[in-house]
Amino acid sequence: MEVILREKTRGKVSLNYFLVRGFAAAATILLVAGGRHAHHDDPVETSGDAVQRPNAHGTHSPSREVIDEHWGMVKAKGGQFVVGNQPFYVNGFNTYWLMILAVDPSTRIKVTEVFQQAAAVGLTVCRAWGFNDGSWRALQKSPSVYDEDVFKALDFVVSEARKYKIRLILSLVNNWDDYGGKAQYVKWAMDAGVNVTSDEDFFTDQTIKGYFKNHIKNMLTRVNTYTNVMYKDDPTIFAWELMNEPRCASDPTGNKLQAWIQEMAFHVKSIDPDHLLEVGTEGFYGPSSPARMEANPNTFAGLVGTDFIRNHRVLGIDFASVHIYPDTWLSGPGATMEAQLQFVQSWMQAHIADAEDALDMPVVFTEFGVSTKARSAFNATTRDQFIQAVYGMLLASTRRGGAGAGGLLWQVLPEGTEYMDDGYGVVLPRAAATAGIMSAHSKKLQTFNARCAWSCRWGCKKREEETEDLDLPFKDELDCRKLWTRQKLYYL
């Protein structure tokens, strides 16, 4: 029986439920011209205080960059991330709702709590939504019209993340309807009299693309009211993500989505050439690599308009993104826990190999998780086996200088927010075993991050394929000179 890839609902707690429960540097910006389609320079409007007010004092001072040699911008060099002269391997998490809870003073503490708890187990990157379009507590109430209170909430999230040395991946729009998504942009266009008929017109209609480009500009040039630092200058932001899980099933060739990625990546980089940029894909292989399509979890995955290798060859995209959800992608009597764990291994091996050989960029598994709800193949204990399997694959890549640059667990929740648990949630204070596994992995990665400068070329390759596989003694001091002699490493 063909397995249909179901629309992801984990973590997308509806806003109705909330109501109940309280991107070439220095490039010239392309302008889309012509009548009602020229929206790129629309002014930013707000309700309440003006979004254009760059700081809490109402002055228009230039963005003050954060000066801290240990808190510089993360960059990509070949298959690794670096900060200054040091490699940066990622152990992180997803907490999509940060901005929403930060709006209300009574729930803002939950943002602080989740950062505290994540930092305690060594997590260094958090992925969250940088959007909420046309919904309850909307950031963007209508095209280029923002709620300043919600924008200030996002300012708080960025500021608070810096306090706990956690960097953020901010996604700019949702593929799904939750928190507005591309459907809201299409609705806005329809309300303005634009002739659009499908949510997937989001990827092709000039008016809608203009709306989204304006949102990108407004987000990247926002000046944080807590730090007085413009978002595009803040190293706290690890990367921008074009879209959460983009799909364009109306065009299985992938041409529509590919053109959109190219256009939006250029636009982001024309405004912010310094930050990393990723697409936000789930990692499904498409027509450009037919041999690889066998690695997809099911047939439908190759028909949703995404194309992992082709999508990540776009100029301006700095690292690859992949998701891992064996429990929702595989089904039927053969989808045992063992089969799902085997899929995880083959799925990660394929993408790490392609990041190294086809793309020459890092790959981050930006969402990975399994549900522990009833009828799932996993429970809280066996979920730890899944997490260890993911970490094991990443660590094996790290040990050989591979492109497996990190993973972000979906999702981490602080105590008191269990009503948002989609079955994938981990409350660290109540999950000692899971917290221990995460902490141990963080410590292993920190050994690489702290002990081996980029000048030592940890991101290196073996000269000879038969070179022994290195098993690092993490309890001993990592000595790069030993690695040089033991592995016959060479400079790239």
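Residues numbered from 1 in each chain as written. Predicted model: local features only at pLDDT ≥ 70, side-chain atom pairs only at ≥ 80, totals over all residues. Heavy atoms only, no water.

Draft legend 1. Representation of the overall build of the chain within the structure. Of regular secondary structure, the chain possesses 13 helices and 16 strands. Per-residue burial for the chain yields a buried fraction of 60% across its 492 residues. Of the roughly 19,100 Å² of accessible surface on the chain, a fraction of 51% belongs to carbon and sulfur atoms. (Helix = DSSP H or I, 4+ residues; strand = E, 2+ residues; numbered from the N terminus. Buried < 20%, exposed > 50% of the residue type's maximum accessible area, 1.4 Å probe, protein only. Areas by Shrake-Rupley, 256 points an atom, 1.4 Å probe, with all protein chains shown as cover.)

Draft legend 2. Just helix α6 (residues 206-220), in detail. Over its 15 residues, α6 runs 21 Å from end to end, which matches the ideal 21 Å to within 8%, given 1.5 Å per residue. Among the 15 residues that make up α6, 13 are buried, leaving the element largely enclosed by the rest of the structure. Its side-chain oxygen placed 3.0 Å from the backbone nitrogen of Thr207, Asp205 serves as the N-cap of α6. (Expected span 1.5 Å × (residues − 1). Polar contact = N/O pair within 3.5 Å; in protein donor to acceptor, adjacent residues only side chain to side chain.)

Draft legend 3. Here's a closer look at the environment of Asn311. Structurally, the position occupied by Asn311 is in helix α8 (residues 308-311). Here the alpha-carbon distance between Asn311 and Gln258, two residues 53 residues apart in the chain, equals 6.1 Å. The residues touching Asn311, leaving out its near neighbours within four places in the chain, are Gln258, Ile261, Val279, Thr281, Thr306 and Ile317. (Contact = heavy atoms within 4.5 Å.)

Draft legend 4. Local environment of the packing of α6 against helix α7 (residues 255-271). Close contact between α6 and α7 brings their axes to 10 Å; oriented N to C, the two are set at 30°. Considering the angle they form, α6 stands roughly parallel to α7. The handedness of the crossing between α6 and α7 is right-handed. Residues Lys209, Phe212, Lys213, Ile216, Lys217 and Leu220 of α6 pack against Trp260, Glu263, Met264, His267, Val268 and Ile271 of α7. A class-by-class count of the residues in the contact of α6 with α7 yields seven nonpolar, one polar and four charged. (Axes fitted to C-alpha atoms, helices over the stretch in contact; angles between N-to-C directions. Parallel < 35°, antiparallel > 145°, perpendicular 65-115°, else oblique. Left-handed = near helix turned anticlockwise from the far one by under 90°. Nonpolar A, V, L, I, M, F, W, Y, C, P; charged D, E, K, R; others polar.)

Draft legend 5. Representation of the environment of Tyr391 in the model. Considering the arrangement of structural elements, one finds Tyr391 in helix α11 (residues 380-399). It is 6.9 Å that separates the C-alpha atoms of Tyr391 and His441, two residues lying 50 residues apart in sequence. When neighbours within four sequence positions are excluded, Tyr391 is seen to be in contact with Asn91, Phe368, Ile437, Met438 and His441.

Draft legend 6. Broad picture of helix α3 (residues 109-120). When the terminal C-alpha atoms of α3 are compared, their 17 Å separation across 12 residues agrees well with the 16 Å that a helix rising 1.5 Å per residue should span. Along α3, the residues that are buried comprise Lys110, Val111, Thr112, Val114, Phe115, Gln117 and Ala118. In this structure, the buried side of α3 is in contact with β5 (90-94), α2 (98-103), β6 (125-129), α4 (148-163) and β9 (167-171).

Draft legend 7. Fine view of the pairing of strand β10 (residues 237-241). Among the five residues that make up β10, five are buried, leaving the element largely enclosed by the rest of the structure. As paired strands, β10 and strand β11 (residues 276-278) are joined by three bridges and run parallel to one another. Its bridge partner being in β11, Ala239 is matched across the sheet by Leu276. (Pairing = 2+ DSSP bridges.)

Draft legend 8. Highlighting the packing of aromatic side chains. By the definition in use, this model includes 32 aromatic pairs. The interplanar angle of 20° and the centroid separation of 5.8 Å between the aromatic rings of Phe212 and Trp260 together place this pair among those described as stacked. One end of the pair, Phe212, is in helix α6; the other, Trp260, is in helix α7, with 48 residues separating them in the sequence. Like Trp260, Phe212 is buried. Their ring planes at 80° and their centres at 5.6 Å tell us that Tyr325 and Tyr424 sit as a pair that is edge-to-face. Here Tyr325, found in the loop between β12 (320-324) and α9 (326-329), pairs with Tyr424, found in the loop between β14 (404-410) and α12 (432-451); they are 99 residues apart in sequence, far enough to count as distant. Pair check on accessibility: Tyr325 and Tyr424 agree, each one buried. Feature note: the residues Phe284, Tyr285, Phe308, Tyr325, Trp329, Phe343, Trp347 and Tyr424 constitute an aromatic cluster, connected by ring pairs. (Phe/Tyr/Trp six-rings, centres within 6.5 Å; stacked < 30°, edge-to-face > 60°.)

Draft legend 9. Main features of the sheet that holds strand β4 (residues 86-87). Taken together, the three strands give an open sheet; going across it, the order is β2-β3-β4, and neighbouring strands pair in antiparallel fashion. Two strands lie at the open edges of the sheet, namely β2 (75-77) and β4, each paired on one side alone. As paired strands, strand β3 (residues 80-83) and β4 are joined by two bridges and run antiparallel to one another. Across the sheet, residue Val83 finds its bridge partner in β4, namely Gln86.

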